[in-house]
Amino acid sequence: MIGLISATAAGAAARDRLAAAWPDRTRVYDGPVGEAVRAAFAECEQLVCFLATGATVRLLAPLLGDKAADPGVVCVDEGGRFAVSLVGGHAGGANALAREAGELLGAEPVVTTATDAVGLAGLDTLGLPCEGAVAAVSRALLDGEPVALAAEVAWPLPPLPLAAHGAYTVRLTDRAVRPGEREVLLRPPSLVVGVGASKGAPAEEVLALVGEALREAGLSPRSVAELATVDAKADEPGIVAAAERLGVPVVTYTAGELAAVEVPNPSTAPLTAVGTPSVAEAAALARGGELLVPKRKSVRADGRPAMATCAVVRRPGRGRLAVVGLGPGARDLLTPRAAAELRRASVLVGLDQYVDQIRDLLRPGTRVLESGLGAEEERARTAVAEARAGHAVALIGSGDAGVYAMASPALAEASDDIDVVGVPGVTAALAAGALLGAPLGHDHVSISLSDLHTPWEVIERRVRAAAEADLVVTFYNPRSRGRDWQLPKALAILSGHREATTPVGVVRNASRPDESGRVTTLGALDPATVDMMTVVTVGNTATRNIAGRMVTPRGYRWQNGTQEEAR
């Protein structure tokens, strides 16, 4: 919960805007400011104080305790100009909150945490439990000193400027070791504990068994990702309570799924009870991995039969491929989600001219693999190979990466051994349509006139079908020096089904500083004025030029002589 505190009418107005935008996330604290701050500090995970910075500091000072436990605090001036991350930038999430609140309020976020100020991913913000000399190792990274990565477990990480050797170390490990003086331990969620339990098995017995198994194997409980079991035990109180205390979910599989998993220690007892010869080992191994602790039973102090079994598996980290659409070129048409994926990726793969567009958004340590025009398949294979090697990869394309871009060759190459995320982008057709007016107001289709990958006979058949169906048509890749006859041919096909006065929009470099756009007609368009940087949109029989704008109505009442759009 985010506590909101203000002292004046101006502050209250901004406070209420946040409260209205985040009704389920916020709580307004009224009354004397000092009492409100103390109450919110004790009850909330984060605070936004609409107060002067000095006043907020004085009110917070006697309340501060441990930076790892204190709530994050953001201070917003009463003029709503700045959102200052004041306390708990990383651990308390104040840096992210300052950016989020600033965006909503139109305020400039002020983040002074050293790593954030230079675009470096904070070691305590990677989403992994960390231990050790976080401040010292972060300072070494900031000072450009070599910090070594010791990856005992393959796991995708955000970009960090790490070296093969150095006086400081970031160790990625799931083993139960203590950090060195100049070392940070990152704990990946690489361990899966399979659990079987008799009806009524106490949580203490399950927890003691799991703890003993991890301890004897030298494994850290902070790397346990889940407890896995058969679905018949999904609501077994002892398993559920044990998972809650460990802070991990319970993941279940059907008896049939577990029976199909090959295990070293099958048994007739679970086969009789729940229909599979193994629960603990099979559940732990259900999604692959290395069996570190074979099935073992709990030991009860009263000498009675064991009620729980467990097994531990190390599951390899899955690489991640984000296929990111950068939009048509303008920075403000790059979506926040796309920008976040660019900052998250440790490896960026893309066309050199697209890399140049967003190079300033990349974090230090990002490895960039760029190539020129015509290497689309090579880039797709490279991106998938890097993800298979366990990296967090962003493969970029212009517009939407799924529209005449990199998503299709990449996904044709990828299999289910990596995680794939698609990040949509604003397409050239949409950017051009917004400049022209509303040409895509009714059914429409996009067709590429490039026959480098598609035979012209197929393209021509599609153009003819669109013409006969009276669809608005947007032509991508309409004309180049080596392909100067395809656009005239496509326009001739459309002219057989539409009047010469049909509006046509021509937009070059949509959304970029040198963008240009004009509305002409099917009969007047000169194909020689079109190149590969141009998008050509041909209206349907209902499209009209209204006040210089190209408009396709949602209904067809204009054909009956009215200009009332169907609702």
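1. Describing empty space enclosed by the protein
Using a probe with the size of a water molecule, rolled over the atoms, empty space left in the structure can be pinpointed.
Here's step 1: In this structure the tally under the stated criterion is one cavity of 30 Å³ or more.
Here's step 2: As a volume, the largest cavity reaches approximately 30 Å³.
Here's step 3: As for the largest cavity, its lining consists of Arg320, Ala322, Glu341, Arg344, Ala345, Ala392, Val393 and Ala394.
Here's step 4: For the lining of the largest cavity, the secondary-structure elements that each account for two or more residues are β16 (320–325), α12 (336–344) and β19 (392–397).

2. Focus on unusual backbone geometry
Residues other than glycine predominantly adopt negative phi, and peptide bonds predominantly adopt the trans conformation.
Here's step 1: One non-glycine residue, Tyr404, adopts positive backbone phi at about 50°.
Here's step 2: Here Tyr404 shows up in the loop between β19 and α15 (407–413).

3. Overview of the nonpolar core
Generally speaking, a soluble globular protein has its nonpolar side chains buried in company with each other.
Here's step 1: Among the nonpolar cores identified, the biggest contains 23 residues, and Val193, Val195, Leu214, Leu227 and Val312 are the most heavily contacted of them.
Here's step 2: Secondary-structure elements contributing two or more residues to this core are β11 (191–197), α7 (203–217), β12 (224–230), α8 (237–246) and β15 (308–314).
Here's step 3: Sorting elements by how many residues they give to this core places α7 first, with six residues.
Here's step 4: Not counting chain neighbours up to four residues away, the residues in contact with Val195 comprise Val206, Val210, Leu227, Ala228, Thr229, Ile239, Val279, Ala280, Thr309 and Cys310.
Here's step 5: With 21 residues, the next largest nonpolar core counts Val473, Leu522, Val536 and Val538 among its residues.

4. Quick word on the packing of aromatic side chains
Here's step 1: Within the structure shown, the criterion is met by two aromatic pairs.
Here's step 2: Centre to centre, the rings of Tyr404 and Tyr476 are 4.8 Å apart; their planes meet at 50°, and the pair counts as tilted. In this pair, Tyr404 is assigned in the loop between β19 and α15 and Tyr476 in strand β23 (residues 472–476), connecting sequence segments 72 residues apart.
Here's step 3: What makes Tyr404 partly exposed here is its relative accessible area of 43%.
Here's step 4: Under the relative-accessibility criterion, Tyr476 is labelled buried at 12%.
Here's step 5: A ring pair is formed by Trp456 and Trp485, whose centres lie 5.0 Å apart and whose planes are at 70°; its orientation type is edge-to-face. In this pair, Trp456 sits in helix α17 (residues 456–468) while Trp485 sits in the loop between β23 and α18 (486–495), placing the two residues 29 residues apart along the sequence.
Here's step 6: The side chain of Arg25 reaches across the aromatic face of Trp22, ending 4.4 Å from its centre.

5. A short note on the sheet that holds strand β28 (residues 549–551)
Here's step 1: Read from one edge to the other, the open sheet built from three strands follows the order β21-β28-β27, with strand pairing classed as mixed. The open sheet terminates on both sides in strands that have one partner only, identified here as β21 (437–438) and β27 (544–546).
Here's step 2: The pairing of β21 with β28 spans two bridges and is classified as parallel. Across the sheet, Gly437 pairs through a bridge with Met550, a residue of β28.

6. Re the confidence of the model for the chain
Here's step 1: Within the chain, residue pLDDT values average 89, and 97% of them lie at 70 or more.
Here's step 2: Predicted confidence is poor over residues 562–567, with pLDDT under 50, and the contacts of this stretch with residues over four places away or in other chains come to eight contacts.

7. Section: α18
Here's step 1: Taken together, the buried positions of α18 are Gln486, Leu487, Ala490, Leu491, Ile493 and Leu494. Down the axis of α18, the sector holding all buried residues measures 155°, keeping them to one side.

8. Quick notes on the pattern of salt bridges
Here's step 1: In the structure shown here, the tally under the stated rule is 32 salt bridges.
Here's step 2: For Asp30, the salt bridge identified is with Arg15, shortest N-O distance 3.4 Å. Note that Asp30 is positioned in the loop between β2 (26–28) and α2 (33–43) and Arg15 in helix α1 (residues 9–21), a separation of 15 residues in sequence.
Here's step 3: Overall, Asp30 belongs to the exposed group, its relative accessible area being 58%.
Here's step 4: Where Arg381 meets Glu377, a salt bridge forms, and the shortest distance between an N and an O atom there is 3.9 Å. With Arg381 and Glu377 both in helix α14 (residues 376–388) and four residues apart, this pair spans about one turn of that helix.
Here's step 5: Each of Glu152, Arg171, Arg175 and Glu183 takes part in one network of salt bridges that share partners.

Rules behind the numbers
- Residues numbered from 1 in each chain as written.
- Predicted model: local features only at pLDDT ≥ 70, side-chain atom pairs only at ≥ 80, totals over all residues.
- Heavy atoms only, no water.
- 1 Å grid on protein atoms, 1.4 Å probe; cavity = no way out; pocket = protein on both sides within 12 Å on 5 of 7 lines; lining within 4 Å.
- Points joined across faces, edges and corners; volume = space filled by probe spheres on them.
- Helix = DSSP H or I, 4+ residues; strand = E, 2+ residues; numbered from the N terminus.
- Core = buried A, V, L, I, M, F, W, Y, C linked by side-chain atoms within 4.5 Å.
- Buried < 20%, exposed > 50% of the residue type's maximum accessible area, 1.4 Å probe, protein only.
- Contact = heavy atoms within 4.5 Å.
- Phe/Tyr/Trp six-rings, centres within 6.5 Å; stacked < 30°, edge-to-face > 60°.
- Lys NZ or Arg CZ within 6 Å of the ring centre and 35° of its normal.
- Pairing = 2+ DSSP bridges.
- pLDDT = per-residue confidence, 0-100.
- Arc of directions from axis to C-beta.
- Salt bridge = Lys/Arg side-chain N within 4 Å of Asp/Glu carboxyl O.

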